[in-house]
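Observations on the three-dimensional arrangement
Now for the letters of each chain:
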Amino acid sequence: MGEARHGLTAYGRVGRAARRLAAVLAGSTVLLSAAPYATAAAPARTAFPAASPDYPATVQIDSVSAPVAGDNATVTVTGRVTNAGSSTVKAAHVVLRSPKEELTTRSAINLVAGRTNPTSKDGTVLPGHKADLGDLAPGQSRPYVLQVSTSDLGLRTAGVYELAVDVRDTDEDRPLGIARTFLPYNTAPSGKQTRIATLWPITHAPELVAQTMPDDDQMPVLRDDSLTTELAPNGRLGKLVSIGQTLPNLTWVIDPDLLDTVYAMTKPYRVQKPGTGGESAKAENTVAGTGQNAATAWLAQLRTAVAANGSQVVALPYADPDLASIAHNGSGLAGMDTALRKASTAGKVTAEGRLSVDVSSGVAWPYQGRLDQQTAGVARTTGADLVLVNGSSMPESRSLAYTPNAARPIGNGQTAVVADPVLSSLFSGDLDSDQAQSLAEQRFLAETMTITQQRPDDQRSLLVMPSRTLTVGTAEALADALHAAAQPNGWVAPTRLDAVATAPADPDANGSVPGDYPGDLRGSELSPAALSSVMGVQTGLDQLLQILTQPQRVRGPFNAAMVRSMSTEWRDHAESSAAYRDGVQSYLVNLTTAVKVPAKSAITLPGDNAILLISVKNDLNQAVGNLELRVTSSQVNRLNVGQPATVVLDGTTSRTFRFPAEAQVNGPVQMTAQLWTTGPNAQPYGKAVSFTVEVTSVASGVMYVIGGGVVLMALAGVRFYLQRKKRSAAGEVDLDPERLLEPEEAEAEGETAAGGETGGKAAGEAPAEAGRKGPGEASDSTPESAADARDRATGDEKVGH
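Residues numbered from 1 in each chain as written. Predicted model: local features only at pLDDT ≥ 70, side-chain atom pairs only at ≥ 80, totals over all residues. Heavy atoms only, no water.

1. A word on the overall build of the protein chain
In plain terms, the rule: Only DSSP runs of H or I covering at least 4 residues are called helices, and only runs of E covering at least 2 are called strands; the numbering of each starts at the N terminus. With a 1.4 Å probe rolled over the protein chains alone, any residue whose accessible area is under 20% of its type maximum counts as buried; one over 50% counts as exposed, and the rest are partly exposed. Here, residues are in contact when the closest pair of their heavy atoms is within 4.5 Å. Surface accessibility in these figures is a Shrake-Rupley result with a 1.4 Å probe; residues are shielded only by whichever protein chains are displayed.
Looking only at helices and strands, the protein chain features 21 helices and 30 strands. Across the 801 residues that make up the protein chain, the buried fraction comes to 50%. Sequence separation of 24 or more characterises 79% of the internal contacts of the protein chain that already satisfy a separation of 6 or more. As displayed, the protein chain offers around 35400 Å² of accessible surface, 52% of which is attributable to carbon and sulfur atoms.

2. Considering unusual backbone geometry
Even without being glycine, N249 reaches a positive phi, approximately 55°. Among the structural elements, N249 can be located in the loop between α5 (236-244) and β12 (251-254). One non-glycine residue, Q368, lies in positive phi territory at about 55°. Residue placement: Q368 occurs in the loop between β16 (363-364) and α10 (373-381).

3. Notes on the sheet that holds strand β22 (residues 595-596)
The condition is simple: Pairing between strands is defined by DSSP: at least two bridges between them are needed.
On the basis of which strands lie adjacent, the open sheet formed by 4 strands has the order β22-β24-β28-β26 and antiparallel pairing. The sheet terminates laterally at β22 and β26 (639-641), the two strands that pair on one side only. Strand direction decides the pairing type here: β26 and strand β28 (residues 653-663), joined by 3 bridges, are antiparallel. Bridging across to β28, N640 finds its partner in E662.

4. Looking at the sheet that holds β16
In sheet architecture, strand pairing relies on hydrogen bonds along the backbone and comes in two forms, parallel and antiparallel. The strand order across the open sheet built from 4 strands is β16-β17-β19-β18, with neighbouring strands paired in mixed fashion. At either end of the open sheet lies a strand with only one pairing partner, and these are β16 and β18 (407-411).

5. Quick word on the side chain of S325
As a reminder of what qualifies: Each polar contact in these results corresponds to two N or O atoms within 3.5 Å; when the atoms are within protein, one needs to be able to donate a hydrogen and the other to accept it, and residues that are neighboring in sequence are counted only if both atoms are side-chain atoms.
Here S325 is to be found in helix α8 (residues 323-329). Within the structure, S325 has its side chain in polar contact with the side chain of D322 (distance 2.8 Å). With sequence-adjacent residues up to four places away left out, S325 is seen in contact with G330, E525, L526, L531 and R571.

6. Some points on the packing of helix α16 (residues 528-547) against helix α18 (residues 574-592)
Our working definition: Only the stretch in contact is used when fitting a helix axis, every axis being a line fitted to C-alpha atoms; angles between N-to-C directions are given from 0 to 180 degrees. Comment on the angle field: the value is read as roughly parallel under 35 degrees, roughly antiparallel over 145, roughly perpendicular from 65 to 115, and oblique elsewhere. In a left-handed crossing the near helix is turned counterclockwise from the far helix by less than a right angle, and in a right-handed crossing that turn is clockwise. Nonpolar residues are Ala, Val, Leu, Ile, Met, Phe, Trp, Tyr, Cys and Pro. Charged residues are Asp, Glu, Lys and Arg, and all others, Gly as well, are polar.
The geometry of α16 relative to α18 is characterised by a closest axis approach of 10 Å and an angle of 20° between their N-to-C directions. What the angle tells us is that α16 and α18 run roughly parallel. As α16 runs across α18, the sense of the crossing is left-handed. Within the contact between the two elements, α16 uses A530, S533, V534, V537, G540, L541 and L544 and α18 uses R581, V584, Q585, L588, L591 and T592. Grouping the amino acids of the contact of α16 with α18 by side-chain chemistry returns 8 nonpolar, 4 polar and 1 charged.

7. Notes on the packing of α5 against helix α13 (residues 472-485)
Where α5 contacts α13, the two axes come as close as 9 Å, and the packing angle between them is 10°. The orientation of α5 with respect to α13, classified from their angle, is roughly parallel. Only V472, A475, E476 and A479 of α13 make contact with α5, whose side of the interface consists of R236, K239, L240 and I243.

8. Remarks on the environment of V472
When you line up the elements, V472 lands in helix α13. It is 6.5 Å that separates the C-alpha atoms of V472 and L240, two residues lying 232 residues apart in sequence. With residues near it in sequence (within four places) discarded, V472 still touches G235, R236, K239 and I243.

9. Quick notes on the nonpolar core
In summary, soluble globular proteins display a tendency toward joint burial of nonpolar side chains. Note the cut-off: Here, nonpolar core refers to any group of buried Ala, Val, Leu, Ile, Met, Phe, Trp, Tyr and Cys residues whose side-chain atoms link them within 4.5 Å.
By size, the foremost hydrophobic cluster in this structure holds 77 residues, and its most contacted members are L544, F558, L629, V631, L639 and M671. Of all the elements, α16 adds the most residues to this core, at 8 residues. If we ignore the near neighbours within four places in the chain, the residues touching L544 are V554, L588, L591, T592, L620 and Y685. Listed in part, the 65 residues of the second largest apolar core include V112, L227, W252 and V262.

10. Quick notes on the pattern of salt bridges
Keep this limit in mind: Any carboxyl oxygen of Asp or Glu that lies within 4 Å of a side-chain nitrogen of Lys or Arg is treated as forming a salt bridge with it.
Applying the stated criterion across every chain, the model contains 25 salt bridges. With a closest N to O distance of 2.7 Å, D498 and R496 form a salt bridge.

11. So, α5
The buried count for α5 comes to 7 of 9 residues, which makes it a mostly enclosed element. Every buried residue belonging to α5 is among R236, L237, G238, L240, V241, I243 and G244, and all of these are buried. In the core, the buried residues of α5 are packed alongside β9 (194-202), α4 (227-231), β12, α6 (256-265), α7 (292-306) and α13.

12. A few points about the side chain of S63
Here S63 is to be found in strand β1 (residues 57-64). One polar contact links S63 to T78, side chain to side chain, over a distance of 2.5 Å.

13. Digging into the packing of aromatic side chains
For clarity, the threshold we go by: Aromatic pairing here means that ring centres of Phe, Tyr or Trp (its six-membered ring) are within 6.5 Å. Orientation follows from the plane angle: under 30 degrees is stacked, over 60 is edge-to-face, and everything else is tilted. Charges are assigned to positions over rings by a cutoff of 6 Å between ring centre and Lys NZ or Arg CZ, combined with an angular limit of 35 degrees from the ring normal.
Considering all chains together, one arrives at 3 aromatic pairs under this definition. With centroids separated by 5.4 Å and ring planes inclined at 10°, the aromatic side chains of F558 and Y587 adopt a geometry described as stacked. Of this pair, F558 sits in helix α17 (residues 552-564) while Y587 sits in helix α18, and the two are 29 residues apart along the sequence. When its relative accessible area of 0% is taken as the criterion, F558 is described as buried. Above the face of the Y263 ring, R354 is positioned so that its terminal group lies 3.9 Å from the ring centre.

14. Regarding the environment of N405
By the element assignment, N405 lies in the loop between β17 (386-390) and β18. Residues N405 and V417, 12 residues apart in the sequence, show an inter-C-alpha distance of 8.7 Å. Apart from the residues within four sequence positions on either side, N405 is in contact with Q459, R460, S461, A503, P504 and D506.

15. What about α7?
In an α-helix there are 3.6 residues to a turn, and that puts residues three or four apart on one side. Formally: Given the number of residues in a helix, its expected span is that number minus one, multiplied by 1.5 Å. Within this analysis, the arc is defined by the directions that extend from the helix axis to the C-beta atoms.
The end-to-end C-alpha distance of α7 is 21 Å, a good match for the 21 Å that 15 residues give at a rise of 1.5 Å each. Residues of α7 that are buried: A294, A295, W298, L299, L302, A305 and V306. For α7, the buried positions fall inside an angular range of 125° around the axis, keeping them on one side.

Functional significance is not addressed by these values, which are geometric in nature.
If you want it as structure tokens, here you go:
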């Protein structure tokens, strides 16, 4: 199987070179058969190097048909020349240069790559190897094809050589422009192969949102349907899997959130309409997703790829949190450490479940591999004992004359696997042209051959770290380079990350983690405010979960959305990042405010004893409980109400609760209705609703009571006076005029006292209401009024589900 894959890949690589050559030859035939001054030409590409008055022509090399040359091999070079000057180049033609010397060090390779204008160091013109282009008018471009044997180039010793092509006019001695690449010449295996582990990232910006549809199955919702295109066979993710499938011992670095998203797409799903990110999901603001077939096929292909060819699967923490942003702007936030540990655990479990293979975890990959001490500390919080580092963060000493192993300890039980900065930089951008791909491939071959020859008896273990958002063109170039370097008698042995990570650390390698972080990367970090707002979601979520009868419908989607809000993938999508966070927070507010006390207007209380009616509305799709409604008075000496009412509401309903009120004085009293959670840590839930109660009929009852008291006091005084007068007439002396009357005396006195209304109810007292509920009980004895009907939820929520 491995040989078959190699054969197919080699065929694919040679096929691409052949197609390029065929296209160039076809174009050349037309050009060479046309009149010398023909003007048929292709437009210049903006990727060409800038021309100058002395060197007005730009030359590009699009392919080298034998990326690694052997004995008696023929090398075919194709490319294009463009006149970037202001005057016509007469009798333009390209020539090959014979390399001046072997490039034996990596610094020598770097010097060649850094040259711009032609120099004598580029070698001498090789006689008999040129391609005529005719006259080139300003802006005109024509292709070329050059063929040369290794013997004509003068290659005798295995090693790396410069391969240069320049353009000239009628003045044979003056080059008008030059292009350079590298040609490894490999005659026989020498020394131990260099082991190279290559990271193959499968990542994407988060797509699943916190919302789900309100059905029992909680149909998933995506923020857009862009993954459908990427998962297609010719899409970015589709091509990454098909290309990676051909590479042996590849290390797949996968964001488990992407796996969850694709798995969700294998079933019916919905996509948010633009501008509805914070709304509850429903049919009106979503559309049906279209990627079910593409997702199903892609996931099946990925499962096959990662299970074969000696692959290793590394699961990043779920949703790939931005460790550097968190380290610099959010490491002290409450709950952050817990969220990171859960993301790491969830990542491994998700990847193993979706791919059905063994998965490596405990690996941290900071943005662009750039590491500082703070980021290393946050990586340790996630449980990562292995950190993938760009060599630019931990450069080797200039005195080190060879390339050391990638792995080295950095303290605190962590190992840094440091990617070679030059090799990794070759594949850090988007190689979207033949010229860029060919140059990256040839430079990779040159660098790795030189590394192997530095210490041929000492096998090295290196890491190549391409861009996290690996593009198709870059992936093709990297795959071609790996295959060319690992061909029979090659100097590279592809291996897995775990093998490189456990290779012996070189004592001379740099193991010092810098204290500073690159300033140019700070600007793309998630800000302190952004990270604070993300973690603040947990507070509101905890309170919402406390009142829900089905909290599991909300907990999982929101916890995942919080981690997605901190994803490294947002680094290149700042606007989408902010929109995603805003959507999560707005949706949470939407849910928490769906259970509320509707606003009330002023209320008139026509008596000293009456009933206050307070409604509570639940617009969620599920029932709520663990709530009570408290109504309080700002002046309890004037108006007081009953005890709190227990609130339990079914989904999309409202209820009216009854509170007995006792008034003492006429006039307005400010009241407050507030929902509270129950339990040992009771807290206010939602906004308090304030309203005014106008008491209008206390006077009649109270004044009658006061008047009755005055009459009784007057009668008592009269009685006391008459009693003393009677005893004085009988010659009795009352030694204790303040003594209590005996019962029979009181009865006698009562018979003589002037009559007054002393029994029955005081005027104006409200009669007891038949069937009146106890304090705070809900009213259910009367039909719902029109207003109450309007309070009933209309089903436009949608819980979290």
